Amino acid sequence: MTTAIAKFAFFLRSAPGGQLTDHRVLAETELTVLGEAKSADGKQWFNVDDHGTAGWTRPDNLRGTALVRSIGEKELAAASVAVAKDLQTNAGYLLAVAHVESREDWRNGVITANVDDKGAFAPYRFTKDSWKVIAETDTGRELGLREAGLSFPDQQSLAVGFRSKQDAEVLAKRLERFVTSLDLYLAHIFGVTAAIALREPSAQDKKLSDQLGKLGLSASELQDLLANRGFLTLNAGADAVVATLLERCRVALQAGLDRAATLLRDFSIELPESSDASFNDIPADFKGVVIKVEPDDVDALGRLCSEEVGIFKKFGEQVLTDGVGAVVDTVINRIVDNSTEFENTIQAVIDERSQFSPVLATPNKTWRELPRSEGVSAIVDAHLKRRALGGSSVVLGAMHFFNPHASNPDWGPEVKAHPTFIGGNPDTDFVHYHGFPKKPDGSFYKPPGSYVIFHAGRGHAFNGDGSAMAALSAPMVDDDVTKLLREHIANGKIRFQPPKDKLRGMLLGTGNDGSATPLLRRLVLHLASVVDTFIEISSIVRPGGGSFHQTGQAVDIGNEDVAGSLLPKVAIQSVVNRFEIDEIIFDSRKIGSKTNRYNFNEGQPFAFDEATINEHGNHIHFAVKV
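Residues numbered from 1 in each chain as written. Predicted model: local features only at pLDDT ≥ 70, side-chain atom pairs only at ≥ 80, totals over all residues. Heavy atoms only, no water.

*Asks:* Explanation requested: the overall build of the chain in the structure shown.
*Replies:* Within the chain, the regular secondary structure consists of 23 helices and 24 strands. For the chain, with 626 residues in total, the buried portion stands at 55%. Counting contacts in the chain only where the partners sit at least 6 residues apart, residues at least 24 apart contribute 63% of the total. Accessible surface computed for the chain: about 26700 Å², of which carbon and sulfur atoms make up 49%. (Helix = DSSP H or I, 4+ residues; strand = E, 2+ residues; numbered from the N terminus. Buried < 20%, exposed > 50% of the residue type's maximum accessible area, 1.4 Å probe, protein only. Contact = heavy atoms within 4.5 Å. Areas by Shrake-Rupley, 256 points an atom, 1.4 Å probe, with all protein chains shown as cover.)

Written out as structure tokens, the structure reads:
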């Protein structure tokens with residue numbers, strides 16, 4: 001007989017591929033291997049004995065020796081999956097933290113457990129002291145953490161899972177808002193109190209050392225902490241501005257989450273739809289409604305949309321897709337509405353009395369009696385994923401729609417005269433008008449408050465009109481802005497059309513042909529931070545009397561194909577005000593919207609004339625105030 005070591009905690013099974021028993025093997029336990037066999041599906045299983053109790057387990061749960069000093073990405077992914085299932089937390093977040101903390105090691109595909117010159121151990125950069133704080137608690141021991149586990153990546157994964165679950169509960173209570181992966185990561189490094197302080201809007205332009213010094217952390221302690229936990233490789237030491245630190249953490253975490261998503265495809269799991277599943281573009285001071293979409297919600301919306309707008313398919317797939325999105329967004333707006341008129345969950349809104357005619361036609365007045373439509377449900381799912389990534393609402397903040405050929409509500413003429421969206425084909429009997437009707441008291445319905453849509457591991461915050469909120473403020477100090485701009489250029493997030501060197505010099509202030517103003521540099525940094533792919537600058541400083549370009553206050557983005565994802569995040573009043581934007585000009589017909597859908601002048605929504613619009617079809621123009 002041979003021995004093996006349990007990589008992480010697991011339950012024995014009664015037979016190869018059989019039922020789970022109630023016997024739990026703790027991580028790092030030495031087991032006796034009694035034999036091996038294959039289950040009916042051809043998978044290999046080991047029969048092991050845990051101090052007198054025998055059972056079966058998969059070889060992935062075992063290792064031949066406890067003296068492991070390195071671990072591959074896939075093995076760490078397997079450990080994270082096991083931890084996530086055991087603790088009901090998120091494997092993607094655990095892998096993302098390892099990605100950030102392990103720094104260069106991760107790029108080699110192997111996460112080393114060797115100690116570095118600051119006494120911290122990868123992949124999660126625990127020091128001996130910080131490890132004891134977790135491993136020597138009663139709960140830590142119950143989970144199977146051991147003092148010697150500091151050297152074992154899977155033990156560290158278990159500790160981080162345990163810690164993140166605790167931190168998430170505290171953060172949710174104290175923040176009274178949606179908890180993001182960035183919140184959890186800051187708590188992992190600095191503690192919950194410091195994490196909350198660093199996310200305050202008032203802290204963004206302050207030095208990190210000053211903010212943490214107020215919490216009792218000395219400059220030397222802070223510098224040691226940053227060195228031990230890998231922040232110095234993110235070029236954000238104790239003197240960094242808080243917003244700079246948060247931006248670097250956000251970028252690093254997102255890279256880790258993207259890598260985690262790839263690794264986890266090899267496992268029969270999905271990233272759980274919980275608040276820590278990815279970095280979410282949600283402001284630190286967010287106080288609105290959080291909508292977490294469950295599988296039953298997608299089913300309910302799919303059935304409702306199939307009955308309400310399924311007929312729109314006769315006009316083409318895009319018309320159907322837009323119609324489905326409009327119905328889904330209407331339901332969302334009703335959930336967010338703070339009056340007592342509508343219910344506050346997706347399914348309750350759909351089943352609400354006297355609202356949706358397909359539901360009213362069922363025997364028991366419930367969506368569950370509507371026929372299922374996998375095709376329309378897939379469109380619903382895709383629309384919700386788009387929204388969770390920051391896509392704007394189809395209907396703005398509207399909560400009402402009707403077909404004038406099927407009903408004649410008192411409020412109908414107003415909506416038809418001033419629609420926010422028209423679905424279907426208005427030249428036929430199959431059409432929906434969405435908009436804001438008058439209430440019985442003569443006042444108009446208004447867009448609801450702010451909200452978050454969380455679906456499929458992603459989340460985004462929105463203003464009441466369905467436009468995406470911006471999450472992080474760009475740094476205020478020009479040197480920090482320039483450093484981040486250089487990093488985005490190096491990473492390909494900011495690119496230039498010819499003459500490339502001249503435009504690069506204009507942006508960074510290193511050329512001889514004029515420079516972007518500090519305010520414009522800050523805006524460009526924000527554009528690069530929120531765009532899904534990259535921005536490609538085609539113009540900054542150029543001659544022209546009275547032009548913002550002449551004074552370095554304007555930038556043109558030449559890869560106009562990014563407008564559909566970029567403008568909903570930037571061409572909204574809250575962002576325009578924050579970055580002191582004067583002009584945004586783009587021909588929105590290029591992305592299927594109304595001509596002046598995203599245009600601003602003097603910091604306010606503005607309808608430019610046709611000649612101006614026609615000149616802005618191949619680039620997006622931004623200008624900032626003095």
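*Asks:* Hey, could you run me through the pairing of strand 3 (residues 20-25) in this one?
*Replies:* Regular strands place their side chains on alternate faces of the sheet. Where strand 2 (residues 10-13) meets strand 3, 3 bridges bridge the pair, whose relative direction is antiparallel. Note on strand 3: the bridge partner recorded for Phe 10 is Val 25. As consecutive antiparallel partners, strand 2 and strand 3 are separated by 6 residues, and within that stretch Gly 17 has a phi angle of approximately 75°, a positive value. (Pairing = 2+ DSSP bridges.)

*Asks:* What should I look at first to understand the side chain of Asn 61 in this one?
*Replies:* Relative to the helices and strands, Asn 61 is located in the loop between strand 6 (53-57) and strand 7 (62-63). Side chain to side chain, Asn 61 and Thr 57 meet in a polar contact 2.7 Å long. Non-local contacts of Asn 61, meaning those with residues more than four positions away in its chain, are made with Ile 5, Ala 6, Lys 7, Phe 8 and Phe 10. (Polar contact = N/O pair within 3.5 Å; in protein donor to acceptor, adjacent residues only side chain to side chain.)

*Asks:* Please explain the packing of helix 6 (residues 153-175) against helix 7 (residues 181-190) as it appears in this structure.
*Replies:* The relative placement of two packed helices comes down to the angle between their axes together with the axis-to-axis distance. The interhelical angle for the contact between helix 6 and helix 7, taken along N-to-C directions, is 115°, at an axis separation of 9 Å. The angle between helix 6 and helix 7 falls in the class roughly perpendicular. In this structure, the crossing between helix 6 and helix 7 has a hand that is right-handed. From helix 6, Val 160, Arg 163, Ser 164, Asp 167, Ala 168, Leu 171 and Leu 175 reach across to helix 7, where they touch Asp 183, Leu 184, Ala 187 and His 188. Residue composition of the contact of helix 6 with helix 7, by class: 6 nonpolar, 2 polar and 3 charged. (Axes fitted to C-alpha atoms, helices over the stretch in contact; angles between N-to-C directions. Parallel < 35°, antiparallel > 145°, perpendicular 65-115°, else oblique. Left-handed = near helix turned anticlockwise from the far one by under 90°. Nonpolar A, V, L, I, M, F, W, Y, C, P; charged D, E, K, R; others polar.)

*Asks:* Hey, could you run me through the sheet that holds strand 17 (residues 458-462) in this one?
*Replies:* Backbone-to-backbone hydrogen bonds pair the strands of a sheet. The strands run either parallel or antiparallel. Taken in spatial order, the 3 strands of this open sheet run 12-16-17, and their pairing is mixed. Each edge of the sheet is formed by a strand with only one pairing partner; in this case those strands are strand 12 (289-292) and strand 17. Mean inter-strand twist for the sheet, computed between neighbouring axes without regard to direction, equals 15°. By the bridge criterion, 4 bridges tie strand 12 to strand 16 (residues 451-455) in an arrangement that is parallel.

*Asks:* Got a minute to help me understand the packing of helix 13 (residues 317-336) against helix 16 (residues 374-388) in this structure?
*Replies:* With their axes 9 Å apart at the nearest point, helix 13 and helix 16 run at an angle of 65° to one another. Crossing of helix 13 over helix 16 shows right-handed handedness. In this structure, helix 13 contributes Leu 320, Thr 321, Val 324, Gly 325, Val 328, Asp 329 and Ile 332 to the contact, and helix 16 contributes Val 376, Ile 379, Val 380, His 383, Leu 384 and Arg 387. Classifying every residue of the contact of helix 13 with helix 16 by side-chain character gives 8 nonpolar, 3 polar and 2 charged.

*Asks:* Which parts of the structure should I look at to understand the environment of Ile 5?
*Replies:* Assignment of secondary structure puts Ile 5 in strand 1 (residues 2-6). For Ile 5, a relative accessible area of 9% puts it in the buried group. Expressed as a C-alpha distance, the spacing of Ile 5 and Glu 28, which sit 23 residues apart in the sequence, is 5.6 Å.

*Asks:* Sorry, what's going on with the sheet that holds strand 14 (residues 421-424) here?
*Replies:* Ordered by their spatial adjacency, 3 strands build an open sheet running 13-15-14, and the pairing between neighbours is antiparallel. Pairing within the sheet leaves two strands with one partner each, and these edge strands are strand 13 (400-402) and strand 14. Sheet twist, expressed as the mean angle between neighbouring strand axes with direction ignored, is 20°. In this fold helix 13 packs onto strand 13, strand 14 and strand 15 (431-435), with an angle of close to 140° to the strand it touches most, strand 13.

*Asks:* Explain the pattern of salt bridges here, please?
*Replies:* This structure, assessed with the given rule, holds 13 salt bridges. The salt bridge involving Arg 372 is made with Asp 299; its shortest N-O contact spans 3.1 Å. Within this pair, whereas Arg 372 is found in the loop between helix 15 (357-360) and helix 16, its partner Asp 299 is found in helix 12 (residues 295-309), the two being separated by 73 residues in sequence. The network of salt bridges with shared partners includes Asp 299, Arg 303 and Arg 372. (Salt bridge = Lys/Arg side-chain N within 4 Å of Asp/Glu carboxyl O.)

*Asks:* Explanation requested: unusual backbone geometry in the structure shown.
*Replies:* In this structure, the amide linkage connecting Pro 498 to the following residue, Pro 499, adopts the cis form with an omega of -5°. Position of Pro 499 relative to the elements: it lies in the loop between strand 18 (494-496) and helix 19 (500-508). Even without being a glycine, Glu 580 presents a positive backbone phi close to 50°. A relative accessible area of 37% means that Glu 580 is categorised as partly exposed.

*Asks:* Would you mind going over the nonpolar core with me for this structure?
*Replies:* In globular proteins that are soluble, nonpolar side chains generally tend to be buried together. With 54 residues, the main nonpolar core has Tyr 124, Phe 126, Leu 171, Tyr 185 and Phe 190 as its most contacted residues. No other element matches helix 11 (residues 242-263), which puts 9 residues into this core. One finds Leu 566, Ile 572, Phe 586 and Phe 600 within the second-largest nonpolar core, a separate group that totals 44 residues. (Core = buried A, V, L, I, M, F, W, Y, C linked by side-chain atoms within 4.5 Å.)

*Asks:* Explanation requested: the packing of aromatic side chains in the structure shown.
*Replies:* Here the distance between the centres and the angle between the planes together describe a pair of aromatic rings. Evaluated as defined, the whole model comprises 6 aromatic pairs. Ring centres of Phe 126 and Trp 131 lie 5.2 Å apart, and the angle between their planes is 80°; this geometry places the pair in the edge-to-face category. Phe 126 gets classed as buried once you look at its relative accessible area, which sits at 2%. Take Trp 131: its relative accessible area is 1%, and that puts it in the buried class. Ring geometry for Phe 606 versus Phe 608: centroids 4.8 Å apart, planes at 70°, classification edge-to-face. By relative accessible area, Phe 606 is classed as partly exposed at 37%. (Phe/Tyr/Trp six-rings, centres within 6.5 Å; stacked < 30°, edge-to-face > 60°.)

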